[in-house]
Amino acid sequence: MTGFKKRYQTVQALGTRIYALSVDEPGKSETLSKALQLPFTLLCDVDKSIIDLYDLHNRDEHGGIAYPAQFVVKPDGTIGYRSLDRTIQRADVSEVLSFLKTLHKDPSYQAQDHERKKWLIPSLLPVKQLWRSRSLK
């Protein structure tokens, strides 16, 4: 999250919004958001319903948390970029920004498969549920 915090103005300049998703209770998430001075919204998925929809549930750590992941949801509701990482290995923010810059120039652009990436193009239902989950904050 702090990598995106540092590059937040670049992300905004590309017409993109950032949302982070946590399994923590709203009070704990709010405390973390303030402590890290996050310029974007930290959503809460306490029942892990969104995390389960995207198969991000890491049941082996801390009683069940989400694997680190980044999604770029395009204006048409499809996912143009997805990075599913492990707790110790995270996607490089510059890789996500590179995708966003290309997408900004060419809205039809779709990321190419990378060796360590898994791709997912969900139906619109999970995207709508993710969007609605922002009210869980």
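Data block above holds the structure.
## Let's talk about the nonpolar core
Counting 18 residues, the largest nonpolar core has Phe40, Val72, Phe99 and Leu100 as the members making the most contacts within it. Secondary-structure elements contributing two or more residues to this core are helix H2 (8–13) and helix H5 (93–105). Among the elements that line this core, the one with the most residues is H5, at six residues. In contact with Phe40, other than residues within four places in its own chain, are Met1, Phe4, Lys5, Tyr8, Ile18, Ala20 and Ser33.

## Here we look at the pattern of salt bridges
Counted by the stated rule, this structure contains two salt bridges. A salt bridge links Lys34 to Glu30, with the nearest nitrogen and oxygen atoms 3.1 Å apart. Separated by four residues within a single helix, Lys34 and Glu30 lie in helix H3 (residues 26–36), roughly one turn from each other. A relative accessible area of 59% means that Lys34 is categorised as exposed. The exposure class of Glu30 is partly exposed, given its relative accessible area of 44%. The salt bridge partner of Asp52 is Arg59, with a shortest N-O separation of 3.6 Å. The class of Asp52 is partly exposed, set by a relative accessible area of 36%. The exposure class assigned to Arg59 is exposed, which follows from its relative accessible area of 55%.

## Brief notes about H5
Here H5 contains 13 residues, and its C-alpha end-to-end distance of 19 Å stays within 8% of the 18 Å for a straight helix at 1.5 Å per residue. All of the buried residues along H5 are Val93, Val96, Leu97, Phe99, Leu100 and Leu103. Projected down its long axis, H5 carries its buried residues within an arc of 160 degrees, all on one side. Buried positions along H5 lie against helix H1 (2–6), H2, strand S5 (69–73) and strand S6 (79–84).

## A few points about the packing of aromatic side chains
Within this structure, the stated rule accounts for four aromatic pairs. Measuring from ring centre to ring centre gives 6.1 Å for Tyr8 and Phe40, while their planes differ by 40 degrees; the resulting arrangement is tilted. Placement of Tyr8 in helix H2 and of Phe40 in the loop between H3 and strand S2 (41–44) is noted, with a sequence separation of 32 residues between them. One exposure class covers both Tyr8 and Phe40, and it is buried. Ring centres 5.4 Å apart and planes at 35 degrees place the aromatic pair Tyr81 and Phe99 in the tilted group. Taken together, the residues span a long stretch of sequence, with Tyr81 in strand S6 and Phe99 in helix H5 at a distance of 18 residues.

Rules behind the numbers
Residues numbered from 1 in each chain as written. Predicted model: local features only at pLDDT ≥ 70, side-chain atom pairs only at ≥ 80, totals over all residues. Heavy atoms only, no water. Core = buried A, V, L, I, M, F, W, Y, C linked by side-chain atoms within 4.5 Å. Buried < 20%, exposed > 50% of the residue type's maximum accessible area, 1.4 Å probe, protein only. Helix = DSSP H or I, 4+ residues; strand = E, 2+ residues; numbered from the N terminus. Contact = heavy atoms within 4.5 Å. Salt bridge = Lys/Arg side-chain N within 4 Å of Asp/Glu carboxyl O. Expected span 1.5 Å × (residues − 1). Arc of directions from axis to C-beta. Phe/Tyr/Trp six-rings, centres within 6.5 Å; stacked < 30°, edge-to-face > 60°.

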